[in-house]
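Analysis of the macromolecular model
Residues per chain, in single letters:
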Amino acid sequence: MLRDVFVRLASTAAALARLARDLMIPRGCAGCDMPDRVLCGDCTALMTEHVRFDLPGTLTGEGLACGAYRGPVRHAVLQWKDHGDEECDGPFSRLLADLLTGSGRLDGRPLLLVPAPSTSRSMHERGRWHMRQLTVRMASRLKRDGYGDIAVVPLLRTVGAGGKSVQMSGAAQRAQRLDGHIAVTRRANATGERRQVVLVDDIVTSGATMRYCVDALRRGGYDVLTAVVLAHTPLRRVDPEPAADGNCRSPHPR
Ligand SMILES: [Zn+2]
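Please read all numbers here as calculations on a predicted model, not as lab measurements. (Residues numbered from 1 in each chain as written. Predicted model: local features only at pLDDT ≥ 70, side-chain atom pairs only at ≥ 80, totals over all residues. Heavy atoms only, no water.)

Focus: the nonpolar core
Counting 39 residues, the largest nonpolar core has V77 and F92 as the members making the most contacts within it. Listed by contribution, the elements that provide at least two residues to this core are β2 (62-68), α3 (71-82), α4 (89-101), β3 (111-115), α6 (130-144), β7 (196-204) and β8 (224-232). In terms of residue count, the dominant contributor to this core is α4 (six residues). Those residues in contact with F92, other than ones at most four positions away along the chain, are L39, M47, A76, V77, W80, L134 and L230. By size, the runner-up hydrophobic cluster in this structure holds 25 residues, among which are A65, L155, L156 and V197. (Core = buried A, V, L, I, M, F, W, Y, C linked by side-chain atoms within 4.5 Å. Buried < 20%, exposed > 50% of the residue type's maximum accessible area, 1.4 Å probe, protein only. Helix = DSSP H or I, 4+ residues; strand = E, 2+ residues; numbered from the N terminus. Contact = heavy atoms within 4.5 Å.)

Digging into the packing of aromatic side chains
Tallied over the full model, the rule gives one aromatic pair. Here the aromatic rings of W80 and F92 are separated by 5.5 Å at their centres, their planes lie at 75°, and the arrangement is edge-to-face. Residue W80 is found in helix α3, and its partner F92 is found in helix α4; the two are separated by twelve residues along the sequence. For W80, a relative accessible area of 1% gives the class buried. (Phe/Tyr/Trp six-rings, centres within 6.5 Å; stacked < 30°, edge-to-face > 60°.)

Points about the coordination of the zinc ion
Bound to the zinc ion are the protein donor atoms C29 (SG), C32 (SG), C40 (SG) and C43 (SG), situated 2.3 Å from the metal. What the four donor atoms of the zinc ion show is an angle range of 105 to 117° at the metal, which sorts the shape as tetrahedral. Taken in chain order, the donor set of the zinc ion reads C-x2-C-x7-C-x2-C. Taken together, the positions of C32 in the loop between α1 (2-24) and α2 (41-46) and C43 in helix α2 put the pair eleven residues apart, joining distant regions of the chain. According to the relative accessible area criterion, C43 is buried, its value standing at 4%. (Donors = N, O, S within 2.8 Å, 3.2 Å for Na, K, Ca; no water. Tetrahedral: all angles 85-135°; square planar, octahedral: opposite > 155°, others 65-115°.)

Regarding the confidence of the model for the protein
Scored by pLDDT, the protein comes out at a mean of 83, with 74% of its residues at no less than 70. Looking across the protein, the model is least confident in helix α7 (residues 171-178), with a mean pLDDT of 50, and most confident in α2, with 98. Below pLDDT 50 for its whole length, residues 162-169 participates in 22 contacts with residues either more than four positions away or in separate chains. Counting interchain partners and residues more than four positions distant, the pLDDT-below-50 stretch residues 240-254 has 21 contacts. (pLDDT = per-residue confidence, 0-100.)

Regarding the packing of α4 against α6
In contact at an axis separation of 8 Å, α4 and α6 are set at 60° when each is read in the N-to-C sense. Here α4 is positioned oblique relative to α6, judged by the angle of their axes. Of the two elements, α4 crosses α6, and the hand of that crossing is right-handed. Here D89, G90, P91, F92, S93, R94, L96, A97, L100 and T101 of α4 come into contact with α6, specifically with Q133, L134, R137, M138, R141 and L142. Within the contact of α4 with α6, the residues separate by chemical class into eight nonpolar, four polar and four charged. (Axes fitted to C-alpha atoms, helices over the stretch in contact; angles between N-to-C directions. Parallel < 35°, antiparallel > 145°, perpendicular 65-115°, else oblique. Left-handed = near helix turned anticlockwise from the far one by under 90°. Nonpolar A, V, L, I, M, F, W, Y, C, P; charged D, E, K, R; others polar.)

Next comes the structure, spelled out in structure tokens:
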């Protein structure tokens with residue numbers, strides 16, 4: 001109860017701060033700062049270079065990403081996720097809906113979209129459960145596209161795990177923190193069992209966190225069709241490769 005009040009207060013304060021900022025500074029593309037765009041055509045195109053990644057435990061055995069987590073895509077996702085650019089909910093929900101419908105994996109059965117969980121600390125810092133709001137927007141898009149029977153149910157929650165965003169610590173540490181700390185809030189009932197579950201997340205790095213989510217859903221009695229995410233992190237090189245000029249290249253060139 002008290003936690004909900006804090007989250008609502010933080011959300012209101014964050015919204016007021018963003019409103020003041022938006023009134024003073026005209027916005028640019030979240031990925032490349034092109035004036036007067038939420039997400040420009042070039043950055044949108046980078047998020048339609050779809051990536052498939054292994055996701056054991058799902059019915060399809062794989063997850064799908066809108067694009068690779070680097071350059072303007074990385075910048076756009078971080079602006080949205082950690083710097084309060086909520087206007088990206090619009091283009092990002094469109095991109096995720098198109099990714100899922102274009103996957104060829106849907107067979108007309110009712111869908112159950114499950115947002116990846118956030119820790120209460122993350123929600124407090126961001127002032128919202130960003131994945132839940134994005135998933136609700138995605139469901140609205142799918143309904144407008146003619147997919148009538150869609151439900152968004154926040155089935156997953158974190159239990160006693162510390163929470164930092166993905167760029168603040170390594171994927172391995174994040175996965176280790178969350179191992180055993182993701183739980184399903186309710187068991188599958190007759191309705192849930194009929195539905196195809198699709199997990200929705202923002203960034204997949206090693207995939208370990210996502211596998212914990214899939215495992216928790218399966219333990220709860222749900223069959224997970226696949227997962228859709230905004231961005232997939234390419235594998236990093238352990239040793240930076242020397243460039244021709246003798247300098248090391250960044251693993252994430254802008
Ligand atoms: Zn752009």
